[in-house]
Amino acid sequence: MIFRVLFFIFVFIPVMIVIIPAQALINALKLPFWNVLPRLFHRVGCIFLGLRVTVIGEPATGRPTLLVSNHISWTDIIAVGSVADVTFVAKREVADWFFVGMMARLQKTIFVDRTRRSDAGRTASEMGAHMAGGNAVLLFAEGQSDIGTHVLPFRSALVGAAQHAMIEAGASEVMIQPLTIAYTRLQGLPVGRTERSLIAWIKSKSVGQNIREILGGPTKEVTVAFGRPRPLRETDNRKLVTKAAEDDVRAALVALNRGQKLPVAAA
């Protein structure tokens, strides 16, 4: 814990002092390398939080890509952001959180109000416009975080809305890529259900409690596994496409939690 305090004071704070105004300027000028500093920030964040990230597969690059993933903790964002250039989709409340909301906007996070069905169209348009430029957008498709032992059903509504928005925004070829996040070890020891509760951000915990457990906890090994991307066409059935991605993520999560090799479709 002392190491993290010293790291925060002498490394993390100086890095943020430099990165925050620089990223704001890059975004204001709409420069193409907007994703460089967020990747650096997340890598520093991994050191601070004690995250050791292992990558399996690779993100689709150079083409519009919609990543659909399971969700366990807010640290998922730090882990994925350290190894891939993505824009996240987050619930609207995050935009109002102290400091977190500002950092999310600097990374061009797309916010969605899940209490309003009409907001899905606006969110999808933003996702489509961003992906049409050859960028990747990550959607935590379960709609909430979970303990990390299984995968909740993926919600297809935003996938379908983004599917049409991407085509309308001028994306001729769009890919959907499953992404699996698994926390496999704590301080070198395999993670069981009890230990997962020290990582996962579940409904029974406040934000403050979860942050204290993460900061006060041991080193966490997390695997980020990029599955096989598939074309997402305008005529494809959104529910079938979403279910296929969900099945890939579920199979990969089970394998990673058991220390097994990933299924071919998910590698």
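Every chain's residues receive numbers from 1 upward, in the order its sequence appears when written. With the structure being a predicted model, the display of local features is reserved for residues of pLDDT at least 70 and the display and counting of side-chain atom pairs for 80 or more, all residues being used for whole-chain, interface and lining totals. Hydrogens and water molecules were not included; the side-chain quantities draw on all heavy atoms of the structure.

A. Quick look at the side chain of D236. We count a stretch as a helix when DSSP gives it H or I for four or more residues in a row; a strand needs E for two or more, and each element gets its number in order from the N terminus. Its place among the elements puts D236 in the loop between β9 (230-231) and α9 (238-257). On the basis of relative accessible area, D236 is assigned to the buried category, the value being 18%. From its side chain, D236 meets the backbone nitrogen of R233 in a polar contact 2.9 Å long. If we skip the residues at most four places from it in the chain, D236 touches Q163, P231 and V241. Buried means the residue's accessible area, taken with a 1.4 Å probe over protein chains only, is under 20% of the maximum for its type, while exposed means over 50%, and partly exposed covers the values in between. We call two N or O atoms a polar contact when they sit within 3.5 Å, provided that within protein one can donate a hydrogen and the other can accept it, with sequence-adjacent residues counted only if both atoms are side-chain atoms. We call two residues in contact when some of their heavy atoms are within 4.5 Å.

B. Spotlight on unusual backbone geometry. The phi torsion at K30 lies on the positive side, around 55°, for a residue other than glycine. By the secondary structure assignment, K30 is in the loop between α1 (2-28) and α2 (36-49). At K108, a position not held by glycine, the phi torsion is positive, near 65°. With respect to the helices and strands, the residue K108 is situated in the loop between α4 (100-106) and β4 (110-112).

C. A look at the layout of surface pockets. Buriedness for pockets is judged along seven lines, at least five of which must meet protein on both sides within 12 Å for an open set on the 1 Å grid over protein atoms alone, while cavities are sets there where a 1.4 Å probe fits but cannot get out, and lining residues have an atom within 4 Å of a point. Grid points are joined across faces, edges and corners, and a volume is the space filled by probe spheres set on the points. Of the volumes computed, that of the largest pocket is approximately 1300 Å³. Lining the largest pocket are 42 residues; nearest its centre among them are W74, I77, W97, V100 and W201. Within the residue set of the lining of the largest pocket, elements represented by two or more residues are α1, α2, α3 (75-81), β3 (87-91), α4 and α8 (207-216). For the lining of the largest pocket, the leading source of residues is α2, giving seven residues. When residue character is reported, Ala, Val, Leu, Ile, Met, Phe, Trp, Tyr, Cys and Pro are called nonpolar, Asp, Glu, Lys and Arg charged, and the others, Gly included, polar. Of the residues belonging to the lining of the largest pocket, the class tally is 29 nonpolar, nine polar and four charged.

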